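Structural description and commentary
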Amino acid sequence: MERWHVIATVIACYLVITLWIGLAAGRKSTSSVQGFVAGDRNFGLLVFYFVTGASMCSAFAFLGGPGWAYGRGAAAFYILSYGALGMVPWYWIGPRVADIGRNRGFVTQAQFITGRFPSRLLSVLIASLTLVAFIPYITIQIRGAGIVIEAVTEGNIPLEIGAALAYGIVTFYVMKSGVMAVGWTNTFQGVFMITIAWILGLYLPTHFYGGVGQMFDSIASARPGFLTVPGLDGNGEPWTWAGYSSAVLVSLIGVQMWPHLFMKAFTAKNNDIIRKTTILFPTFWLFLIPVFLIGFAGVLFPEKPPTSDFVLPFMIMQTDLPPLIVGLFCAGALSASMSTGDALLHGSASVVEEDAVRLFVKLDDKQAQTLMRFLIVIVGVASYLLALGDHSSLVDLLLASYGIICQLAPTVLAAIYWKRATTIGILAGLTSGVFVTTILFVSNQLTPFGLHEGILGLLTHIPVLIIVSLLTHPQREEHVEGFMGNKL
Amino acid sequence: MDITKVRTLAGLLLCLCLAFSVWPGLVLINRVYPLVLGLPFVMAALTAIFLAIGVVLFILETFESRARNIQTESTSKEEN
């Protein structure tokens with residue numbers, strides 16, 4: 001039996017287990033739209049913790065994290081900061097959003113926002129922004145899965161086949177079981193990827209340098225400045241403090257506004273579960289420490305991977321580890337990719353159906369679910385086809401989408417904390433924020449001090465929202481009270 | 001301790017965590033040595049900061065849940 005046969009067998013076993021968990025989970029929910037999209041609002045602490053953590057720690061964290069540490073040094077530490085800080089507002093906002101969702105039957109972010117600010121245009125705008133942000137995100141997850149499988153099977157399973165196999169399974173279980181599959185597979189995948197990350201993160205520095213401390217000593221003497229913030233930018237030049245700090249701020253403002261994470265508030269059994277998950281979240285984020293150690297282990301390695309994102313599979317292949325371990329590592333990386341990919345696929349189908357199509361076409365529960373299943377396949381296939389092409393523009397698009405997604409933060413905050421906000425004010429603020437972010441992203445020479453364009457978008461968005469709201473007719477008191485009156 | 005004081009203290013500590021995670025606060029902890037558990041000082045400090053966020057929220061939640069229980073009890077007494 002050749003080495004890659006053993007690796008492929010381990011990957012196959014992992015995929016079969018994931019598929020089984022995904023399909024079995026579907027039997028736990030009712031066959032209503034609420035069951036398919038919000039898991040009958042019945043997720044307990046364990047599943048909610050992993051669904052939050054694993055949905056956030058995507059292929060970007062597992063492959064991109066080591067890539068950042070390897071190529072950009074201390075710049076990678078911005079990821080350490082934004083995750084835990086970004087979850088803090090959720091301690092207050094999450095339970096309130098969940099309360100309102102429970103009382104009014106909301107299952108998506110746009111339903112929540114347009115509940116307070118009724119407007120079909122706003123709903124379609126949010127659904128479109130979600131889709132624009134999701135497609136490159138899913139595509140990168142699919143490509144990440146394909147890259148790993150191709151690398152560890154020494155090219156015997158090409159990217160196209162590997163990605164099709166992994167994401168064929170994801171599409172199938174999400175289509176059959178909805179959010180219950182996302183929740184339970186994320187629990188399994190979360191445990192798996194944390195374990196693999198810690199094993200590799202401690203093993204590689206010990207194997208190559210004799211220990212973690214020795215590794216950082218060697219890097220500090222060979223590359224002074226590499227281990228202090230703000231590190232390097234994408235071109236290997238020193239990054240600016242403004243670039244680093246604004247990246248932390250945009251990411252922490254935007255992180256919980258991603259619709260696939262936001263709408264999970266509607267799946268929690270009760271508010272205590274949301275609060276406890278927020279408190280426990282830093283324990284999940286610790287997983288980034290070994291992820292960075294893997295990347296730093298490659299810094300002084302004489303041979304170079306084809307791109308920095310390849311550093312993890314590259315290091316694995318350099319260590320002559322037994323094929324069983326390589327297979328398990330690959331399954332860990334697939335876990336990271338698939339646990340986010342499934343939440344995104346499910347989220348995009350739910351958003352398009354609930355927030356766009358359903359506003360114009362009357363659908364019963366069964367028709368709505370059939371449409372969502374159909375949309376899951378369409379989005380999955382479209383993202384797969386994009387993943388086969390050149391992905392450099394997609395990485396750029398993903399970075400821009402963070403700036404766009406963080407524009408939803410003032411909208412959500414206004415919905416629950418500002419009585420005087422109006423629908424027209426919200427529409428004006430959101431469109432101006434998205435417009436400025438997009439324009440500055442396209443012509444990035446205009447951004448001063450290397451600031452993230454999302455920050456400048458917010459600096460436009462917030463005053464426009466306030467001024468236009470104050471200039472337009474306030475909403476009815478009793479309508480607003482429904483969103484303000486819920487106790488925490 | 002009074003819940004308002006706890007909230008204020010927690011808010012201040014969380015703001016401090018944010019201040020040390022970006023410029024200019026981060027400049028104060030931005031060095032490689034001494035290594036802490038083998039990690040560069042700045043990496044260890046940022047890790048400690050995000051773990052501290054969990055601890056602050058845990059303490060806040062302990063007091064908040066006590067305050068919620070008292071509120072629920074007084075509401076049910078009023079209804080009776």
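Broken down by element type, chain B carries two helices and zero strands. Here the C-alpha atoms of chain B give a radius of gyration of 18 Å, more than 25% beyond the 12 Å that 2.2 N^0.38 yields for 80 residues. Taken over the C-alpha atoms alone, chain B extends approximately 65 × 25 × 15 Å along its principal axes. Intrachain contacts of chain B at a sequence separation of at least 6 include 48% that bridge at least 24 residues.

What follows concerns the overall build of chain A. In terms of regular secondary structure, chain A is built from 23 helices and zero strands. Viewed in the frame of its principal axes, chain A has a C-alpha envelope of about 70 × 50 × 40 Å. Considering chain A as a whole, with its 488 residues, one finds that 59% of them fall into the buried category. Contacts in chain A between residues at least 24 apart in sequence constitute 83% of all its contacts with a sequence separation of at least 6.

When the pLDDT values of chain A are averaged, the result is 88; 96% of them are 70 or greater. When mean pLDDT is taken per element in chain A, helix α11 (residues 212-222) of chain A scores highest with 97 and helix α19 (residues 392-405) of chain A scores lowest with 71.

Listed by partner, the interface residues are 25 residues for chain B and 29 residues for chain A. The element best represented in the side of chain B that touches chain A is helix α2 (residues 41-79) of chain B, accounting for eleven residues.

Another aspect to go through is helix α9 (residues 159-177) of chain A. Residue and element names in this part refer to chain A. Spanning 19 residues, α9 covers 27 Å between terminal C-alpha atoms, matching the ideal 27 Å at 1.5 Å per step. Where α9 is concerned, the buried positions are Gly162, Ala163, Ala166, Tyr167, Val170, Thr171, Tyr173, Val174, Met175 and Ser177. Where α9 terminates, the next one or two residues include Gly178, which has phi positive at roughly 65°.

This next bit is on the environment of A:Thr114. Positionally, A:Thr114 belongs in helix α7 (residues 109-116). With near-sequence residues (within four places) excluded, A:Thr114 lies in contact with A:Ser119, A:Leu122 and A:Ser123.

This brings us to the environment of A:Gly44. Residue and element names in this part refer to chain A. Looking at the secondary structure, you find Gly44 in the loop between α2 (33-38) and α3 (45-56). In the structure, Gly44 is positioned 222 residues away from Phe266 in sequence and 12 Å away in space, judged by C-alpha atoms. The residues contacting Gly44, other than those within four sequence positions of it, are Lys269 and Ile273.

Here is what the cut-offs are and how they apply
- Sequence order sets the numbering: in each chain, residues are counted from 1 along the sequence as written.
- Working convention: letters from A go to chains and numbers from 1 go to ligands, in the order in which they are written.
- At least 70 in pLDDT is required for a residue's local features to be given in this predicted model, at least 80 for side-chain atom pairs to be given and counted, and no such filter applies to totals for whole chains, interfaces and linings, which use all residues.
- Counting from the N terminus, the helices are the DSSP runs of H or I reaching at least four residues and the strands are the DSSP runs of E reaching at least two.
- Each radius of gyration is computed over the set of C-alpha atoms, and the globule rule expresses the reference value as 2.2 Å times the number of residues to the power 0.38.
- The contact criterion used is a C-beta to C-beta distance within 7 Å, with each C-beta placed from the backbone.
- Three classes are used. A residue is buried when 20 or more other C-beta atoms lie within 10 Å of its own, exposed when 12 or fewer do, and partly exposed in between, with C-beta atoms placed from the backbone.
- Every residue is assigned a pLDDT by the predictor, reflecting its confidence on a scale from 0 to 100.
- A helix is expected to reach a length of 1.5 Å times the quantity of its residues less one.

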